[in-house]
Amino acid sequence: MTEVVGVRFKSVGKIYYFDPHGVKLEENQAVIVETARGVECGYVAITNRNVNDESITKPLKPILRVATDEDLKKVEENKSKEARAFRICQEKIEKHKLVMKLVDVEYTFDNNKILFYFTADGRVDFRELVKDLAAVFRTRIELRQIGVRDESKMLGGLGICGRPFCCSSFLGEFQPVSIKMAKEQGLSLNPTKISGTCGRLMCCLKYEQEAYEDLLRVTPKNGSYVSTPEGKGTVVEVNLLTGMLKVKMDKAPDAAPKVFGRKQLKLLKSGQEDKLAITDDLKKLEDK
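Parameters at a glance
- Residues numbered from 1 in each chain as written.
- Predicted model: local features only at pLDDT ≥ 70, side-chain atom pairs only at ≥ 80, totals over all residues.
- Heavy atoms only, no water.
- 1 Å grid on protein atoms, 1.4 Å probe; cavity = no way out; pocket = protein on both sides within 12 Å on 5 of 7 lines; lining within 4 Å.
- Points joined across faces, edges and corners; volume = space filled by probe spheres on them.
- Helix = DSSP H or I, 4+ residues; strand = E, 2+ residues; numbered from the N terminus.
- Nonpolar A, V, L, I, M, F, W, Y, C, P; charged D, E, K, R; others polar.
- Core = buried A, V, L, I, M, F, W, Y, C linked by side-chain atoms within 4.5 Å.
- Buried < 20%, exposed > 50% of the residue type's maximum accessible area, 1.4 Å probe, protein only.
- Contact = heavy atoms within 4.5 Å.
- Disulfide = S-S within 2.5 Å.
- Expected span 1.5 Å × (residues − 1).
- Axes fitted to C-alpha atoms, helices over the stretch in contact; angles between N-to-C directions.
- Left-handed = near helix turned anticlockwise from the far one by under 90°.
- Salt bridge = Lys/Arg side-chain N within 4 Å of Asp/Glu carboxyl O.
- Pairing = 2+ DSSP bridges.

Caption draft 1: Up close: the layout of surface pockets. Estimated volume of the largest pocket: approximately 1,500 Å³. What lines the largest pocket is a set of 42 residues, and nearest its centre among them are Phe9, Lys10, Ser11, Gly13 and Glu106. When residues of the lining of the largest pocket are traced back to their parent elements, those giving at least two are strand S2 (16-18), strand S4 (38-51), helix H1 (69-95), strand S6 (101-107), helix H3 (148-155) and helix H4 (166-169). Tallying contributions element by element places S4 first for the lining of the largest pocket, with five residues. For the lining of the largest pocket, the residue count by class is 19 nonpolar, eight polar and 15 charged. In this model, the second largest pocket occupies a volume close to 560 Å³. Along its surface, the second largest pocket is lined by 17 residues, and Lys183, Glu184, Leu216, Asn222 and Leu240 are the ones closest to its centre. Residue assignment for the lining of the second largest pocket shows that the elements contributing at least two residues are helix H5 (179-184), helix H7 (209-218) and strand S10 (231-239). Taken together, the residues of the lining of the second largest pocket break down into six nonpolar, six polar and five charged.

Here it is as structure tokens:
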């Protein structure tokens, strides 16, 4: 077992483990740490605890110190610098007529590097842009292309549910979502109905998927041949959440289907699962 603390560098960013060197830290406490990018200021998301050695990558980087008032002042100064750097970079992009959208700018704590995050439909030749930015800021410049999901996470906003984006309010990392999930949950496969503001599948499709998978395992599919308390018949409609199924009875094929609970039915022959035809429009929703 190894003692660690979990540190976040963005409000809803990924949590990284660091070595506290025996110092007891409190949640949301600002700390200065050494990272692969250099010295950074982060906030404690997970207080001191012991974890299995298999769950961490050694050697762990150390917590250098608890952030001082001077450190926090520097963080605020960096934020004001980022706003200026954003404006300058936007002007340079327009000057070079580059087809890219600047999303965010980030100074490292020690000011050794400035990161510019952008989105673009394809590859962008930004070599001249980097030269111009380096001449202005006289420090290391890194341009990092991100996906539309990352853009939404950085910028935030309101989803179609009226609540702040999940990705920018509590999801530390993106969960894998697929068209198959929407189909299994009985949702419309209309792209506008199952996509978020980012234009990709809604993250919330993942939340109830395990429950739907459990229900699908114990519920006959459409087209299944079943035995009911009133005879045999074929399932013509399924409501997974209520557990109620409509069955067309063999003895009265022209009559209205009868409704039974899943526990009242005995599966005799499973129905064929409909093949999921994924169009190009639906395929794009699964892209990162």
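Caption draft 2: Quick look at the nonpolar core. Residues Met100, Phe116, Leu133, Phe137 and Leu143 are the most contacted members of the largest nonpolar core, which totals 19 residues. Among the elements of the structure, H1, S6, strand S7 (113-119), helix H2 (127-137) and strand S8 (140-145) are those that each provide at least two residues to this core. In terms of residues, this core owes the most to one element, H1, which gives four residues. Excluding residues that lie within four positions of it along the chain, Leu133 makes contacts with Cys89, Lys92, Phe116, Arg138, Ile141 and Leu143. Counting nine residues, the second-largest nonpolar core is a separate cluster that includes Val177, Ile179, Ala182 and Leu201.

Caption draft 3: Here's a closer look at the side chain of Ser152. Mapped onto the elements of the fold, Ser152 is located in helix H3. Excluding residues that lie within four positions of it along the chain, Ser152 makes contacts with Phe165, Cys167, Ser168 and Cys198.

Caption draft 4: Quick look at the state of the cysteines. Following the criterion strictly, the structure yields zero disulfides and no others. The thiol of Cys161 is not disulfide-bonded; the next cysteine sulfur, from Cys166, is found 6.4 Å away. Cys161 sits in the exposed class, given a relative accessible area of 61%. Between Cys204, a cysteine without a disulfide, and Cys166, which holds the nearest cysteine sulfur, the sulfur-to-sulfur distance is 5.9 Å. Overall, the relative accessible area of 35% leaves Cys204 in the partly exposed class.

Caption draft 5: Spotlight on H1. Compared with the 39 Å implied by 1.5 Å per residue over 27 residues, the 40 Å span of H1 between its first and last C-alpha is a close match. Buried residues in H1 make contact with strand S3 (30-35), S4, strand S5 (63-66), S6, S7 and H2. Two residues or fewer past H1, Lys97 is found with a positive phi of approximately 55 degrees.

Caption draft 6: Summary view of the packing of H1 against H2. Relative orientation of the contacting elements H1 and H2 amounts to 145 degrees, with a least axis distance of 10 Å. The element H1 and its partner H2 pack so that their crossing is right-handed. Across from Arg84, Ala85, Ile88, Cys89, Lys92, Ile93 and Lys95 in H1, the residues of H2 making contact are Leu129, Asp132, Leu133, Val136 and Phe137. Looking at the contact of H1 with H2 residue by residue, the class counts come to eight nonpolar, no polar and four charged.

Caption draft 7: Quick peek at the pattern of salt bridges. Inspection of every chain in the model, using the stated rule, returns 15 salt bridges. Note that Asp71 and Arg65 form a salt bridge whose closest N and O atoms lie 2.9 Å from each other. Asp71 gets classed as buried once you look at its relative accessible area, which sits at 7%. The partly exposed category is assigned to Arg65, whose relative accessible area is 36%. With a closest N to O distance of 2.5 Å, Glu142 and Arg144 form a salt bridge. Of the residues examined, Arg144 reaches a relative accessible area of 30% and is grouped as partly exposed. Here the salt bridges share partners, and the residues they tie into one network are Lys113, Glu142 and Arg144.

Caption draft 8: Seen up close, the pairing of strand S11 (residues 244-249). Here S11 shows one buried face, formed by Leu245, Val247 and Met249, and one open face, formed by Met244, Lys246 and Lys248. Examined bridge by bridge, S10 and S11 share six bridges and lie antiparallel to one another. Looking at the pairing, Val235 lines up with Val247 of S11. Counting the residues between successive antiparallel strands, the hairpin from S10 to S11 contains four residues, one of them, Gly243, with a positive phi of roughly 75 degrees.

Treat this as a map of the structure, not an account of what it does.
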